[in-house]
Amino acid sequence: MKMLKTRKLMNAGLALGLLLAWSLVAHAATSTAEQAPGRTMAQQATRDKQLWITADHSKHEVLQQTFTSGPEVTRACLSCHSEAAKQFHKTIHWTWLDPNVAPEERVGKAGLSINNFCIALHGSYPRCTSCHAGYGWKDMSFDFSDQTKVDCLVCHEQTGTYKKFPAGAGNPAPKTMVFKGNNKTYHPPEWNKVAQSVGRPTRKNCGTCHFFGGGGDGVKHGDMDSSLMKPSKELDVHMGIDGKNFDCVRCHTTDLHRIAGRTYATPAATERKSLVEDDTIAKITCESCHTDTPHKPGSKPNDHTDKVACQSCHIPEFARVNPTKMWWDWSRAGQKKDGKPFKKKGELGKPVYFTLKGDMAWAKNVKPQYYWYNGSITAITANDMVDPGQPVQINMPVGSQDDPSSRISPFKVHRGKQPYDKVNKTLLIPHLFGKKGSGAYWADWDWKQALESGSSKAGTKFSGEFDFVETAYVFPITHMVAPKEKTLGCTECHSGTDSRLAHLKGFYMPARDTFKVIDFAGWGVVLACLAGVLIHALGRIFTKGNGRKEN
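Residues numbered from 1 in each chain as written. Predicted model: local features only at pLDDT ≥ 70, side-chain atom pairs only at ≥ 80, totals over all residues. Heavy atoms only, no water.

Visitor: Before we go on, may I ask you to explain the overall build of the chain in this structure?
Guide: Assigned secondary structure in the chain consists of 15 helices and 14 strands. Residues classed as buried in the chain amount to 40% of the 551 residues present. For the chain, restricting intrachain contacts to residue pairs at least 6 apart in sequence, the fraction spanning at least 24 positions comes to 67%. For the chain, the computed accessible surface area is about 30,800 Å², with 57% contributed by carbon and sulfur atoms. (Helix = DSSP H or I, 4+ residues; strand = E, 2+ residues; numbered from the N terminus. Buried < 20%, exposed > 50% of the residue type's maximum accessible area, 1.4 Å probe, protein only. Contact = heavy atoms within 4.5 Å. Areas by Shrake-Rupley, 256 points an atom, 1.4 Å probe, with all protein chains shown as cover.)

Written as structure tokens, this is what we have:
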């Protein structure tokens, strides 16, 4: 009896031990499964927050001399970084042209590309090139032989005080000056101070131009504006200062001054590889860090990554802090009050009318529009014919559901009205910024004269007859990645009434798409099965007991 009790106790102890061990293993498995593999891989890829540096530029003797201009600073930079200017001359930040398109097509800001916010920079270059990383853009050209014209400071100085003069064609103010366009005072840089501060580019370096493109904060992109200077992780999980606090260059990696990410006709990335596969790739796609199976094993979202871009679910809205411009009607420009230009602000604190630019509309928390996208964007130029009988699509994502490189991706679509040639059926380039008598619209208030001057400077045709046509322009949405708790739910797309993908046709999406004949047949089968089950159940009920009596 005693041995039996002992054996029972041993068995109970063994069972308890096995139960405890099993629970520990299960807990470990659960803990491991709490975090998706893609998140683990991203943490591995970005585990080092601070990149090391090997130089304190304030101690370099060559930067102790007295500087009076930007080219003098650049000359000092080149005494050590001897190849930097030659490298930079080959980049899109310098040329403002797509390097992989035939030069005669002139695709890019410095060519004949058109947009529907500032339209083009021909004739207006002293104002537009205030964001160019060079000194002294003149007549749409640069002297490539003069390497000192490269502006190293705009990307590398870290005092935060270095500013270009808005009408200086890339140059800072040579003396204290007031810019009449915004009535702000600009001072010449403290050249030695900014030269000795240089370092790796920060969000402020990049954002000074990219957050304010198109003439103001949030005008162009929708997912890039001044709110990303010091965002919370609620606004962007990667850039949030209370989170990972990534600078732009953490993802926009650089090779010989070529910064990954810009798209014209050339994709930002041609291969969707992770750093696990190749640790030399640019970290410019989500898959670079998160791989193409970023979610927990067996989870449905992993089945979407071959057709749906990560951004489509993880950026539910853009312009979540500051508004972005969604409409710009140039045909309404030119109205004045008491003979003077004026502005009228709307409820979001942004101009809804401006004499210089016409009617405008702004929005916050904007839902993107979605297109198939393989990384390339096709666009028309000022030489391409358009159909003024319908809205003109100035640029458009390239892709289709049959293209293995394409994903359903989010975009901002900016709409507006702008001048076109009624005879040649082409979009026109106006000369906007300039002095009185130069033909500039903002000085002489004559559209025909401005279009003649702009066309002449761009080398394009103008018949002399013009009108205004509605246009649309797309911007890929890839910043302002929301926390995982704020990602889209399935019904945002899989819905028959309000699907975000309602306009994407040619494929079947459960819950969004219905076919009456098939649905009717399906429900017929369901009802027939249900009727069969009921008949069988009733038969069993009414025949119950017959077998027992026979037995």
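From this point, the narrative continues.
Visitor: Could you clarify how one ought to interpret the side chain of Asp329 in this entry?
Guide: Of note, Asp329 is situated in strand S5 (residues 324-329). Of the side chains bearing the opposite charge, Lys417 lies closest to the buried Asp329, which forms no salt bridge; the N-O distance is 4.9 Å. There is a polar contact of 2.5 Å between the side chain of Asp329 and the side chain of Ser331. Excluding residues within four positions of it along the chain, Asp329 makes contact with Lys357, Gly358, Asp359 and Lys417. (Lys, Arg positive; Asp, Glu negative; His and termini not counted. Salt bridge = Lys/Arg side-chain N within 4 Å of Asp/Glu carboxyl O. Polar contact = N/O pair within 3.5 Å; in protein donor to acceptor, adjacent residues only side chain to side chain.)

Visitor: It is not clear to me how a positive patch on the surface should be interpreted in this structure. Could you clarify?
Guide: On the surface, a cluster of positive charge is contributed by Arg39, Lys233, Lys244, Lys296 and Lys484. Position of Lys233 relative to the elements: it lies in the loop between helix H9 (203-210) and strand S3 (254-255). (Patch = residues over 30% accessible without salt bridge, like charges linked within 9 Å, V, L, I, M, F, W, Y side chains within 5 Å. Charge placed at Lys NZ, Arg CZ, Asp CG, Glu CD.)

Visitor: How do you make sense of the environment of Gln158 when you look at a structure like this?
Guide: As for its placement among the helices and strands, Gln158 is situated in the loop between helix H7 (153-156) and strand S1 (177-179). Given the relative accessible area of 31%, Gln158 is considered partly exposed. When the C-alpha positions of Gln158 and Pro201 are compared, they lie 8.0 Å apart, and in sequence the two are 43 residues distant. In this structure Gln158 touches Ser197, Val198, Gly199, Arg200, Pro201, Thr202 and Asn205, once residues within four positions along its chain are discounted.

Visitor: Help me out: how do you make sense of the state of the cysteines in this one?
Guide: Working definition of a disulfide: a covalent bond connecting the sulfur atoms of two cysteines. By the definition in use, this model includes zero disulfides. Cys248 supplies the cysteine sulfur nearest to Cys206, a cysteine that is in no disulfide, at a spacing of 4.0 Å. In this structure Cys206 comes out as partly exposed when scored by relative accessible area, which is 22%. (Disulfide = S-S within 2.5 Å.)

Visitor: Just to check I follow, could you spell out the pairing of strand S8 (residues 358-363) for this structure?
Guide: Consecutive residues of a regular strand have side chains that alternate between opposite faces of the sheet. Here S5 pairs with S8 via five bridges, running antiparallel. The residue of S8 that forms the bridge with Lys325 is Trp362. Relative to S8, strand S7 (residues 351-354) runs antiparallel, the two sharing two bridges. Bridge assignment links Tyr353 to a residue of S8, and that residue is Asp359. (Pairing = 2+ DSSP bridges.)

Visitor: Hey, could you run me through the environment of Phe88 in this one?
Guide: In this fold, Phe88 is placed in helix H4 (residues 84-89). When its relative accessible area of 8% is taken as the criterion, Phe88 is described as buried. Along the backbone, Phe88 and Gln147 are 59 residues apart, and their C-alpha atoms lie at a distance of 9.4 Å. If near-sequence neighbours (up to four positions away) are discounted, Phe88 is found in contact with His93, Trp94, Ala133, Val150 and His257.

Visitor: Could you clarify how one ought to interpret the pattern of salt bridges in this entry?
Guide: Should their charged atoms come close, side chains of opposite charge can pair. All told, the structure shown has ten salt bridges when counted by the stated rule. Residue Glu83 pairs with Lys86 through a salt bridge whose shortest N-O separation is 3.7 Å. Judged by its relative accessible area of 42%, Lys86 falls in the partly exposed class. Between Arg203 and Asp247 there is a salt bridge, with the nearest N and O atoms lying 4.0 Å from each other. Of the two residues, Arg203 sits in helix H9 while Asp247 sits in the loop between H9 and S3, which places them 44 residues apart along the sequence. By relative accessible area, Asp247 is classed as partly exposed at 30%. Each of Glu317, Glu492 and Arg500 takes part in one network of salt bridges that share partners.

Visitor: Sorry if this is basic, but what is going on with the side chain of Asn205 here?
Guide: Along the chain, the position of Asn205 falls in helix H9. Side-chain polar atoms of Asn205 contact the backbone oxygen of Glu157, separated by 3.0 Å. Leave out the neighbours within four places in its chain, and Asn205 touches Leu153, Val154, Cys155, His156, Glu157, Gln158 and Arg200.

Visitor: I'm lost on the nonpolar core in this one. Help?
Guide: Of all hydrophobic cores here, the largest spans 33 residues; its most connected members are Ile114, Trp330, Leu427, Ile429 and Trp447. If sequence neighbours within four positions are ignored, Trp447 has contacts with Trp330, Ala333, Pro419, Pro430, Tyr441, Phe466 and Phe468. Judged by nonpolar contacts, the second largest core, of 21 residues, contains Phe67, Ala76, Val154 and Tyr162. (Core = buried A, V, L, I, M, F, W, Y, C linked by side-chain atoms within 4.5 Å.)

Visitor: Help me understand a nonpolar patch on the surface in this model?
Guide: A cluster of nonpolar side chains, Leu527, Leu530 and Leu534, forms an exposed patch at the surface whose accessible area comes to about 310 Å². Structurally, the position occupied by Leu530 is in helix H14 (residues 516-543).

Visitor: For this particular structure, what's the right way to read unusual backbone geometry?
Guide: Peptide bonds are trans in most cases, and residues, glycine excluded, mostly fall at negative phi. Despite not being glycine, His257 has its phi angle at roughly 70 degrees, a positive value. Given the relative accessible area of 28%, His257 is considered partly exposed. Phi is positive for Ala511, close to 80 degrees, though the residue is something other than glycine. Mapped onto the elements of the fold, Ala511 is located in the loop between strand S14 (466-476) and H14.

Visitor: It is not clear to me how the pairing of S14 should be interpreted in this structure. Could you clarify?
Guide: Sheet analysis places strand S11 (residues 392-393) next to S14, joined by two bridges and oriented parallel. Bridging across to S14, Val392 finds its partner in Thr471.

Visitor: Even after reading the chapter, I still don't get the packing of aromatic side chains, so can you show me in this structure?
Guide: How two aromatic rings sit relative to each other is set out by the distance from centre to centre and by the angle between their planes. Summed over all chains, the structure comprises 18 aromatic pairs. Geometrically, the ring pair formed by Tyr162 and Trp191 is edge-to-face, given 6.1 Å between the ring centres and 65 degrees between the ring planes. Note that Tyr162 is positioned in the loop between H7 and S1 and Trp191 in helix H8 (residues 191-196), a separation of 29 residues in sequence. Note on Trp191: relative accessible area 10%, which makes it buried. (Phe/Tyr/Trp six-rings, centres within 6.5 Å; stacked < 30°, edge-to-face > 60°.)

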